[in-house]
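Residues per chain, in single letters:
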Amino acid sequence: MKQDSFVDEDYRPAEDEPFMNERQVEYFRRKLINWRNDLLIGSRETIEGLQDGTRNIPDDADRASEETDRALELRTRDRQRKLVAKIDAALRRIDEGEYGYCEETGEPISLKRLDARPIATLSLEAQERHERREKVHRDD
């Protein structure tokens, strides 16, 4: 069931409507799909640039600088690949009707948090608790 027609481009989820109603779900689905597509396009451009950019640079300093730039670009693309996996997981949660709810508490994640970080799986409070626990264990 495609629901593209009932969500306007300027629609923003509001706190005064039922949580994760059809319009909100479609809004977040579109947001995630667009984000994913942007990342995939960027990844394709990087791969093409790396393939086209292979050249013989005689100066050692210039070659080292170019190799550093390539390594940084590849590391960035690897982070984005992991982000695409998180976006895919969020889209699966939408399909399963679990999107927008905290994995730890089952409570709704705030719309502001989801709008800022649509791949969020924890409410702000649960995320803060998680980070505090992580910090305590890291300091040991």
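Refer to the structure printed above.
Each value, and the rule that gives it
Numbers given to residues run from 1 along each chain, matching the order in which its sequence is written. The predicted origin of the model limits local features to residues at a pLDDT of at least 70 and limits the giving and counting of side-chain atom pairs to 80 or more, whereas totals for whole chains, interfaces and linings rest on all residues. Values reported for side chains reflect all heavy atoms of the structure, with hydrogen atoms and water molecules removed beforehand. Stacked, edge-to-face and tilted labels apply to pairs of Phe, Tyr and Trp rings (six-membered ring for Trp) whose centres lie within 6.5 Å, assigned for plane angles under 30 degrees, over 60, and everything in between, in that order. Runs of E in the DSSP output that reach at least two residues are strands. Runs of H or I that reach at least four are helices, and both are numbered from the N terminus. For this document, the term salt bridge refers to a Lys or Arg side-chain nitrogen within 4 Å of an Asp or Glu carboxyl oxygen. The classification of residues rests on relative accessible area computed with a 1.4 Å probe and restricted to protein chains. Under 20% of the type maximum is buried, over 50% is exposed, and intermediate values are partly exposed.

Draft legend 1. Representation of the packing of aromatic side chains in the model. For the structure on display, the rule yields four aromatic pairs. Each ring, one from Y11 and one from Y27, has its centre 5.9 Å from the other, and the planes form 75°; the classification is edge-to-face. With Y11 in the segment before α1 (22-52) and Y27 in helix α1, this pair connects stretches of sequence that are 16 residues apart. Between the aromatic rings of F19 and Y101, the centroid separation amounts to 5.1 Å while the plane-to-plane angle is 85°, which identifies the pairing as edge-to-face. With a gap of 82 residues between them, F19 in the segment before α1 and Y101 in the loop between α2 (60-96) and α3 (111-116) connect regions that are remote in the sequence. One aromatic cluster is present, formed by Y11, Y27, F28 and Y99 through successive ring pairs.

Draft legend 2. The pattern of salt bridges, seen in detail. Counting across every chain of the model gives 11 salt bridges. With a closest N to O distance of 3.0 Å, R29 and D95 form a salt bridge. Placement of R29 in helix α1 and of D95 in helix α2 is noted, with a sequence separation of 66 residues between them. D95 gets classed as exposed once you look at its relative accessible area, which sits at 58%.

Coordinates in, geometry out; function isn't part of it.
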